Amino acid sequence: MTRSRTMYHALGRRNFLGGLTAGAAALGLTACGVSESSDGENGGGKDKGGAKSGGTRTVRADNGVITVPENPKRVVVTDNYAALMLLELGVVPVGVPDGTALPTLMSAADYDRLKDVKTIGAPGSPNPQAVAALEPDLIVDQFYREKAGVLKAVAPVTHFDWTADALWHEQIAKVADAVNRESKLTELKARYETRLKEVKTAYAKQIATSVWAPLSGGPSGKFFLGTPVVTVMRDLGLTIGAGIPAAKGEKFIPKSYEEMDVLGDCTALIYPVQFDGKATPTTQALLDHKLWKAVPAVKAGRAFPSQHFLMANYSFAIGAVDEVEKMLKKL
């Protein structure tokens with residue numbers, strides 16, 4: 001499976017420009033491999049989790065080997081991606097960062113499950129008192145190791161570092177391990193692989209004879225090539241054009257509008273929209289520009305919107321496969 005970076009500003013990943021525009025931060029994986037605490041320092045003093053859940057187990061995280069409840073029941077997350085990962089694993093978090101539940105950035109089903117969940121403060125600034133009030137038995141963090149670390153006095157904290165190059169499916173595998181839902185993860189992976197096979201078989205000719213590029217609007221007369229949906233596109237066997245390097249297709253590569261002729265080799269283009277079907281302001285500015293309208297694929301009616309431009313979990317990946325299938329039907 002290919003590499004990916006994830007979601008819109010309000011769903012997490014830092015360093016992409018502006019509000020709800022698609023973009024990504026430089027993320028990465030590091031593994032400590034050393035236990036952070038051997039004396040119950042990580043949440044042990046509060047007797048959270050283990051006693052309430054009927055046992056404990058250990059999880060290797062990037063902040064050490066952490067003792068966690070065998071089956072966590074009250075999980076707090078410090079980033080928005082982890083919330084969506086937990087949902088598809090069958091766990092509704094009891095605490096999430098402010099701004100997690102936004103109907104424009106997730107399915108109606110996910111929004112319904114998250115809209116009434118208590119919030120714990122802004123992303124990156126969890127409020128320890130708000131977290132403690134929720135009586136969590138586990139805290140999952142991917143971006144804010146130092147600030148999340150202070151919460152270990154409340155409950156065990158597992159930090160899975162996502163601050164440089166990372167694989168989205170590896171991240172969800174780590175979260176699944178932390179909450180002991182690996183069997184559910186296996187089901188999700190199987191569903192994804194089944195959909196890939198179905199689409200690759202049904203549209204083999206269109207896949208073999210087309211060239212694709214994903215892009216989104218940027219600030220000040222710029223646009224971005226690349227997106228985490230490249231993960232899915234490559235799994236489907238699609239050829240990625242526009243000069244997007246194989247090693248950087250899931251990243252966001254800035255280009256000026258004057259460089260839009262780089263799209264000339266593409267049969268089809270994919271751009272992001274929110275779950276209400278609307279493009280963000282910067283992407284809408286791109287779509288309205290005369291240079292965009294002169295691109296061959298655009299003139300041919302082969303520029304397609306995608307609500308799953310970024311990858312939060314397997315549900316997003318399957319959603320992207322479904323969208324690409326509809327696009328392939330029009331080629």
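Residues numbered from 1 in each chain as written. Predicted model: local features only at pLDDT ≥ 70, side-chain atom pairs only at ≥ 80, totals over all residues. Heavy atoms only, no water.

## Section: the nonpolar core
Judged by nonpolar contacts, the single largest core of 87 residues is most densely connected at Trp212, Leu263, Leu269 and Trp292. When residues in this core are grouped by element, the largest group, nine residues, is from helix H13 (residues 314-329). Residues contacting Trp212, with those up to four places away along its chain left out, are Met233, Leu238, Thr239, Ile240, Gly241, Cys266, Ala268, Ile270, Phe304, Met327, Leu328 and Leu331. Within the second largest apolar cluster, 11 residues are counted, among which are Ile120, Val131, Leu134 and Ala148. (Core = buried A, V, L, I, M, F, W, Y, C linked by side-chain atoms within 4.5 Å. Buried < 20%, exposed > 50% of the residue type's maximum accessible area, 1.4 Å probe, protein only. Helix = DSSP H or I, 4+ residues; strand = E, 2+ residues; numbered from the N terminus. Contact = heavy atoms within 4.5 Å.)

## A word on the environment of Asp137
Inspection of the secondary structure assignment puts Asp137 in the loop between helix H4 (128-133) and strand E6 (138-141). Using a relative accessible area of 4% as the deciding quantity, one classes Asp137 as buried. Once the C-alpha coordinates of Asp137 and Val76 are considered, the two residues, 61 residues apart in sequence, prove to be 8.2 Å apart. Only 2.7 Å separates the side chain of Asp137 from the backbone nitrogen of Lys73, close enough to count as a polar contact. (Polar contact = N/O pair within 3.5 Å; in protein donor to acceptor, adjacent residues only side chain to side chain.)

## Describing the confidence of the model for the protein chain
On average, residues of the protein chain carry a pLDDT of 86, and 83% of them reach 70 or more. The model gives residues 2-51 a pLDDT under 50, and that stretch makes 180 contacts with residues more than four places away or in other chains. (pLDDT = per-residue confidence, 0-100.)

## Quick notes on the pattern of salt bridges
All told, the structure shown has seven salt bridges when counted by the stated rule. With its nearest N and O atoms 2.7 Å apart, the salt bridge here joins Asp110 to Arg113. A residue pair is termed a helical-turn pair when its members lie 3 or 4 positions apart in one helix, as Asp110 and Arg113 do in helix H3 (residues 108-114) at three residues. The exposure class assigned to Arg113 is partly exposed, which follows from its relative accessible area of 38%. Here the salt bridges do not stand alone but share partners, grouping Arg195, Glu198, Asp322 and Glu325 into one network. (Salt bridge = Lys/Arg side-chain N within 4 Å of Asp/Glu carboxyl O.)

## Re helix H7 (residues 182-202)
Its 21 residues place the ends of H7 30 Å apart at the C-alpha level, agreeing with the 30 Å of an ideal helix rising 1.5 Å per residue. For H7, the complete set of buried residues consists of Leu185, Leu188, Tyr192, Arg195, Leu196 and Val199. Across the axial projection of H7, the buried residues extend over an arc of 100°, all falling on one side. Of the residues in H7, the exposed ones pointing more than 90 degrees away from the buried face are Ser183, Thr186, Lys197, Thr201 and Ala202. Elements that come into contact with the buried residues of H7 comprise helix H2 (80-88), helix H6 (168-178), helix H8 (204-208), helix H9 (230-235) and H13. (Expected span 1.5 Å × (residues − 1). Arc of directions from axis to C-beta.)

## Re unusual backbone geometry
Note on backbone geometry: most residues besides glycine have negative phi, and most peptide bonds are trans. Look at Glu135: it is not a glycine, yet its phi comes out positive at around 50°. Checked against the element boundaries, Glu135 lands in the loop between H4 and E6. Despite not being glycine, Ala242 has its phi angle at roughly 65°, a positive value.

## Describing the side chain of Asp235
Along the chain, Asp235 turns up in helix H9. For Asp235, which is buried and forms no salt bridge, the nearest opposite charge comes from Lys200, at a distance of 7.4 Å. Here Tyr192 takes part through its side chain, which lies 2.7 Å from a polar atom of the side chain of Asp235. (Lys, Arg positive; Asp, Glu negative; His and termini not counted.)

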